[in-house]
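Commentary on secondary and tertiary structure
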Amino acid sequence: TKAVLVLYLCEWLGGPKDYTAQRGHPRLRMRHAGFSIGAAERDAWLACMQAALADTDATLALRSTLMAAFFKTADFMRNNGH
């Protein structure tokens, strides 16, 4: 849900550990292990995130910072084509 995503993103960006306290460690790689994730999938997800950010009132600086952080996470999730 949207509320869960907000909790996750707040913690991921250095805020309170409310997501982990309520839902446990995110275990992103484990949860995505069943999916083949290569550069194309990473880039498609990043395009979706960029489009979502474009619909916000976030400053260009914030959007750039978030996209850089999203790239690091998305690239870490790759399990195909390393």
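Residues numbered from 1 in each chain as written. Predicted model: local features only at pLDDT ≥ 70, side-chain atom pairs only at ≥ 80, totals over all residues. Heavy atoms only, no water.

Topologically, R42 is positioned in helix 4 (residues 39–54). Among residues more than four places away in sequence, those in contact with R42 are I37, F71, A74, D75 and R78. (Helix = DSSP H or I, 4+ residues; strand = E, 2+ residues; numbered from the N terminus. Contact = heavy atoms within 4.5 Å.)

Our focus in this paragraph is the pattern of salt bridges. On inspection of all chains with the given rule, the structure shows 3 salt bridges. The partner of R42 in a salt bridge is D43, with the nearest N and O atoms 2.8 Å apart. The buried category is assigned to R42, whose relative accessible area is 11%. Taking the relative accessible area as the measure of exposure, D43 reaches 39% and is therefore partly exposed. Between D75 and R78 there is a salt bridge; the shortest N-O distance is 3.1 Å. Residue classification places D75 among the partly exposed positions, given a relative accessible area of 25%. Given a relative accessible area of 14%, R78 falls into the buried group. (Salt bridge = Lys/Arg side-chain N within 4 Å of Asp/Glu carboxyl O. Buried < 20%, exposed > 50% of the residue type's maximum accessible area, 1.4 Å probe, protein only.)

This is a description of form; function is not addressed.
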